[in-house]
Amino acid sequence: MTKTITLAIFMVVLVLGMVIKETQGEENQCYEYISTPQENCEGLVCAHDCTMKHGGNGVCVDTTSTTCICTYVC
């Protein structure tokens, strides 16, 4: 029984630690809007530009848009 209680407490502490870590990670997120020179935003070009510029993740707003959103750690 003691083993079960100890394991349960360990799991609760582990889950709470993971939740706190995720919450703190969101505070350090920065965003930059990158305008692409083409008519339409291309996902691979957007991701590559963001990675090269900030080491982050780039995503197109829309396939018909020229805007790329770059998310990176501040």
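Please read these numbers as outputs of a predicted model, since none were measured by experiment. (Residues numbered from 1 in each chain as written. Predicted model: local features only at pLDDT ≥ 70, side-chain atom pairs only at ≥ 80, totals over all residues. Heavy atoms only, no water.)

Enquirer: If you had to explain the state of the cysteines to someone new, which residues and values would you point to?
Expert: In this structure the tally under the stated criterion is four disulfides. The side chain of Cys 46 participates in a disulfide bridge whose partner is Cys 68; the two sulfur atoms lie 1.8 Å from each other. Every disulfide takes its handedness from the sign of the S-S torsion; for Cys 46 and Cys 68 that torsion is 70°, giving right-handed. With Cys 46 in helix H2 (residues 43-54) and Cys 68 in strand S3 (residues 67-73), the pair connects residues that are 22 residues apart, well separated along the chain. A relative accessible area of 1% means that Cys 46 is categorised as buried. Among the residues examined, Cys 68 registers a relative accessible area of 1% and is labelled buried. Each sulfur in the disulfide pair Cys 50 and Cys 70 lies 1.9 Å from the other. Here Cys 50 and Cys 70 share a disulfide; its torsion about the S-S bond, 70°, makes the bridge right-handed. With Cys 50 in helix H2 and Cys 70 in strand S3, this residue pair connects regions lying 20 residues apart in the sequence. (Disulfide = S-S within 2.5 Å. Helix = DSSP H or I, 4+ residues; strand = E, 2+ residues; numbered from the N terminus. Buried < 20%, exposed > 50% of the residue type's maximum accessible area, 1.4 Å probe, protein only.)

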